[in-house]
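Residue-level structural notes
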Amino acid sequence: MAENTIDASLLAHMFLTGAQNLDAKKDWINELNVFPVPDGDTGTNMTMTIMSAVRMVQDIDSMNMKDLSKAISSGSLRGARGNSGVILSQLFRGFTKTVKGSDEIDIPMIADACEKAVETAYKAVIKPKEGTILTVAKGMAEIARKLVDAQMTLDVYIKNIIDYGNEVLAKTPDMLPVLKEAGVVDSGGEGLMTILEGAYDGLMGKEVDPDLGKAKEKAAEEEAAEEAAPAKPRFIYSAEFIISSGKSLPQAQIDELRAFLVQTGEQVVIIPDARELKVHVHTNEPGAVLTRALTLGQLKTVHIDNLMIEHHEKLIKDAAKASKDQAEELLRKAQPAKAVGFIEVCAGDGFEEIFRGLGADYIIKGGQTMNPSTEDVLDAIDQVNAENIFLFPNNKNIIMAARQAQDLVREKNIIVIPSKTIPQGITALLGYDPAQNVESNQTAMMDAIANVRTAEVTYAIRDTTIDNVEIHQGDIMAVGDDGILSVGKDIEDTSLASVEKMMSDDAELISIYFGKEFSEENANRLAQKITGKFPDVDVEVNNGGQPVYYCILSVE
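Residue positions are counted from 1 within each chain, in the order its sequence is given. Predicted model: local features are reported for residues with pLDDT of at least 70 only, side-chain atom pairs are reported and counted for 80 or more only, and whole-chain, interface and lining totals are derived from all residues. To obtain the side-chain values, all non-hydrogen atoms of the structure were used and water was disregarded.

1. Remarks on the nonpolar core
Each nonpolar core is a collection of buried residues, namely Ala, Val, Leu, Ile, Met, Phe, Trp, Tyr and Cys, held together in the definition by side-chain atoms within 4.5 Å. We call a residue buried when its accessible area falls under 20% of the maximum for its residue type, exposed when it is over 50%, and partly exposed in between, using a 1.4 Å probe and counting protein chains only. In this structure, Phe15, Leu68, Ile110, Tyr157 and Ile158 are the most contacted members of the largest nonpolar core, which totals 80 residues. Helix and strand definitions follow DSSP, with helices as H or I runs of at least four residues and strands as E runs of at least two, each counted in order from the N terminus. No other element matches the ten residues that helix α5 (residues 107-124) contributes to this core. Among residues more than four places away in sequence, those in contact with Phe15 are Ile50, Ala53, Val54, Val57, Ile72 and Phe92. Any pair of residues with heavy atoms lying within 4.5 Å of one another is described as a contacting pair.

Written out as structure tokens, the structure reads:
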């Protein structure tokens, strides 16, 4: 490589090849999840974060460093999902802040930009933990500074930084015992190195998929449009009639009629009833259908509908409804803002119903395996017409995205209550007192979530050892606020064991929220076992409807 600087076009190319490499390896990065639960999502979160920026980069009309930096920074900030995605967006933000004013990037500027990236990312994390993506980024920034005067060509310089980053990544299990015990390196750090290795390939001439990001986005948009729009009927007419033969028709004649109808239409239904046949079919040739039916007997109660007219009427009704919704939206925004609003994040129809019943103004669908982005949170904030909005992430991997959205909003006062579980969000919302001011309620809610202990019960997707507990693929696990609470072969027994671990002398209420894969009957049986073990504590059963977790338990 002859060039010793990077211009905007080359940096854009490197960014895209880095994103392409991450996209190709995201599933493998997901598998580096410490806990062997079916919700590993680091690779997915980082990919969705960077793809948000990719689309903005691809839309730049005239490539220059200022517009490129803005696209990478803004796109990743708004698309950030999960803690790993937010940290990645902050690394991009710091790096681009340094280079945006230059036409070309040289080796000293790379060192400056790496240091600024690390500084920005560390500031975004309230309690930085070593042995993570932050540590890997910091190690690369340090080696980048040390090698500035080493008389290297640009490609060799960058290769040395990446090689050192991989060395630091390999040491993360020694910094975080939980990584060593699980036998994995930090997944966020692995994601960062995957991006940089792809970027280096781009520097060395690797081509990038021209449809990167756009093809997936287009496919998703088309799929959503198909689901939203009523399908145009393939056949124009719906024919229903009764054939009265005066005698029981042989099965062979009925089969011949069915074969004829299938050839000329769809949705064929024939119901023999005494000496009659009830027939339904969608067809473009109702005359031919009726003529064929007359060979078997007389026709009664013939009814033919034009499906195309029904389709048009459906489109008109949908359009009218859309106009009504738009009018309601304009009316909503025209109303004076109320004092306080509430936004909750959750997955599961049951939880949505619970939160709405408690007064939540807006529900962001998400949680494990589907962390909402910063943009999703901003959109939710825009939907709530209130001066002060309490925002409950209800998942430790969503708190950073919520706070990032909070920092981007100016016209409303956003208060993030850092609830790490859905039961914490429920308890906090229950504790809201309209007679108190915002600050008093914030304090009360923070106190409330501190008194809620939670266990999430699911199954193990691989063999591992965590907290000195041996876990095998298929085992039932109860994951608590600080790690594994219990492991077993039975959902109810494992759940009961986790409740025993969470109990304290001052416990007053145990709540069971059953998910999609755990019936209400099973939840009630579990409640009986818990009541038998702790007769002085109230036990409630609620439908959470959540995916991934058989049941979510809380003690408070």
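2. Topic: the confidence of the model for the protein chain
How sure the predictor is of each residue is captured by pLDDT, a score from 0 to 100. In the predicted model, the protein chain carries a mean pLDDT of 88, and 91% of its residues have values of at least 70. The low-confidence segment residues 222-228 (pLDDT under 50) makes zero contacts with residues lying over four places distant or belonging to another chain.

3. Structural notes on empty space enclosed by the protein
A pocket here means an open set of points on a 1 Å grid, computed over the protein atoms alone, that has protein on both sides within 12 Å along at least five of seven lines. A cavity is instead a set of points where a 1.4 Å probe fits but cannot get out; residues with an atom within 4 Å of a point line either one. Grid points are joined across faces, edges and corners, and a volume is the space filled by probe spheres set on the points. Scanning the model with the defined rule gives one cavity of 30 Å³ or more in all. One number sums up the size of the largest cavity: a volume of about 590 Å³. Surrounding the largest cavity, 26 residues form its lining, Phe92, Phe95, Cys114, Leu196 and Ala199 being those nearest its centre. When contributions to the lining of the largest cavity are tallied by element, the ones reaching two or more residues are α1 (8-30), α4 (82-99), α5, α6 (133-146), α7 (154-175) and α9 (187-203). The biggest single contributor to the lining of the largest cavity is α9, with five residues.

4. Re the pairing of strand β9 (residues 386-392)
Across a regular strand the side chains alternate sides, sitting on one face of the sheet and then on the other. Among the seven residues of β9, six are classified as buried, and the element is accordingly described as predominantly covered. Strand direction decides the pairing type here: strand β7 (residues 338-346) and β9, joined by six bridges, are parallel. Residue pairing for β9: Val340 is matched across the bridge by Asn388. Pairing between strands is defined by DSSP: at least two bridges between them are needed. Where β9 lies against strand β10 (residues 413-416), four bridges are found, and the strand directions are parallel. Each bridged residue has a counterpart across the sheet, and for Ile389 the counterpart in β10 is Ile414. Handedness of the crossover joining β9 and β10 through helix α16 (residues 399-408): right-handed. For the handedness criterion, the strands are oriented away from the viewer, and a crossover whose path from the first strand over the helix to the second runs clockwise is classed as right-handed.

5. Thoughts on the sheet that holds β9
Sheet architecture is open: four strands sit in the order β8-β7-β9-β10, paired in parallel fashion. Sheet topology places β8 (362-365) and β10 at the edges, where each strand pairs with a single neighbour. Neighbouring strand axes in the sheet, compared pairwise and without regard to direction, differ in orientation by 20° on average. Axes here refer to lines fitted to C-alpha atoms; in helices the fit is confined to the stretch in contact. Angles between the N-to-C directions go from 0 to 180 degrees. Where helix α15 (residues 374-383) meets the sheet, its contacts fall on β7, β8, β9 and β10, and the angle it forms with β8 comes to roughly 165°.

6. A look at the environment of Leu11
Within the element layout of this structure, Leu11 appears in helix α1. When the C-alpha atoms of Leu11 and Gly43 are compared, they prove to be 23 Å apart, with 32 residues separating the residues in sequence. When residues no more than four places from it in sequence are discounted, the contact partners of Leu11 are Ile6, Met65, Leu68 and Ile105.

7. Let's talk about helix α12 (residues 286-294)
By the burial criterion, the buried members of α12 are Pro286, Val289, Leu290 and Ala293. Burial along α12 is one-sided: seen end-on, the buried residues are contained in an arc of 95°. Lining the buried residues of α12 we find β3 (237-244), α11 (251-264), β5 (276-283) and β6 (298-306). Throughout, the arc means the angular range of directions from the helix axis out to the C-beta atoms.

8. Comments concerning the layout of surface pockets
What the second largest pocket holds in volume is close to 560 Å³. Lining of the second largest pocket is provided by 24 residues; of these, Leu77, Gln90, Arg93, Lys97 and Thr120 occupy positions nearest its centre. Elements represented by at least two residues in the lining of the second largest pocket include exactly α3 (65-79), α4, α5 and α16. Among the elements that take part in the lining of the second largest pocket, α3 stands out by supplying six residues, more than any other. In the lining of the second largest pocket, the residues fall into six nonpolar, seven polar and eleven charged. By the convention adopted, Pro, Cys, Tyr, Trp, Phe, Met, Ile, Leu, Val and Ala count as nonpolar, Lys, Arg, Asp and Glu as charged, and the other residues, Gly among them, as polar.

9. With respect to a negative patch on the surface
Only residues whose relative accessible area exceeds 30% and that form no salt bridge enter a patch; like-charged residues are grouped when within 9 Å of one another, and nonpolar side chains (Val, Leu, Ile, Met, Phe, Trp, Tyr) when within 5 Å. Areas reported here follow the Shrake-Rupley algorithm with a probe of radius 1.4 Å; residue values treat only the protein chains shown as occluding. In the sections that follow, a salt bridge refers to a side-chain nitrogen of Lys or Arg positioned within 4 Å of a carboxyl oxygen of Asp or Glu. Positive charges come from Lys and Arg, negative ones from Asp and Glu, while His and the chain ends are left out of the count. Here the site of a charge means atom NZ of a Lys, CZ of an Arg, CG of an Asp or CD of a Glu. Residues Glu3, Asp7, Asp103, Glu104 and Asp106 make up a contiguous surface patch of negative charge. Residue placement: Asp103 occurs in the loop between α4 and β2 (104-105). With a relative accessible area of 69%, Asp103 lands in the exposed category.

10. Things to note about the packing of aromatic side chains
Aromatic pairs are defined between Phe, Tyr and Trp rings, using the six-membered ring for Trp, whenever the two ring centres lie within 6.5 Å; interplanar angles under 30 degrees are classed as stacked, those over 60 as edge-to-face, and all others as tilted. As enumerated under the stated definition, the model contains six aromatic pairs in all. Summarising the aromatic geometry, the rings of Phe351 and Tyr513 are spaced 5.1 Å apart at their centres and angled 40° between planes, so their arrangement reads as tilted. Placement of the pair is Phe351 in helix α14 (residues 349-357) and Tyr513 in strand β16 (residues 509-514), with a sequence separation of 162 residues. The exposure classification of Phe351 matches that of Tyr513, with both residues buried. Both rings, one in Tyr459 and one in Tyr550, keep their centres 6.4 Å apart while their planes meet at 50°; by these two values the pair is tilted. Of this pair, Tyr459 sits in strand β11 (residues 453-459) while Tyr550 sits in the loop between β17 (538-543) and β18 (551-555), placing them 91 residues apart in sequence. Among the residues examined, Tyr459 registers a relative accessible area of 34% and is labelled partly exposed. By way of ring pairs, the aromatic residues Phe342, Phe390 and Tyr432 are connected into one cluster. Sitting over a ring, as applied to charges here, requires NZ of Lys or CZ of Arg to be within 6 Å of the ring centre and within 35 degrees of the ring normal. Taking NZ or CZ as reference, Arg292 lies 5.9 Å from the ring centre of Phe260, over its face.

11. As for the environment of Lys420
With respect to the helices and strands, the residue Lys420 is situated in the loop between β10 and α17 (422-430). Put simply, Lys420 and Ala111 are 309 residues apart on the chain and 36 Å apart in space, counted from C-alpha to C-alpha. When residues no more than four places from it in sequence are discounted, the contact partners of Lys420 are Asn394, Asn395, Lys396 and Ile399.

12. Digging into the pattern of salt bridges
If you walk through the whole model with that rule in mind, you get 18 salt bridges. Between Arg145 and Asp112 there is a salt bridge, with the nearest N and O atoms lying 2.5 Å from each other. Note that Arg145 is positioned in helix α6 and Asp112 in helix α5, a separation of 33 residues in sequence. Residue Arg145 is classed as partly exposed on the basis of its relative accessible area of 32%.

13. Focus on unusual backbone geometry
Note on backbone geometry: most residues besides glycine have negative phi, and most peptide bonds are trans. With a phi angle near 55°, Gln151 is a residue other than glycine that sits in the positive phi range. In this structure, Gln151 sits in the loop between α6 and α7. Residue classification places Gln151 among the exposed positions, given a relative accessible area of 74%. One non-glycine residue, Val548, lies in positive phi territory at about 70°. Of note, Val548 is situated in the loop between β17 and β18. Accessibility expressed as a relative area gives 24% for Val548, which makes it partly exposed.

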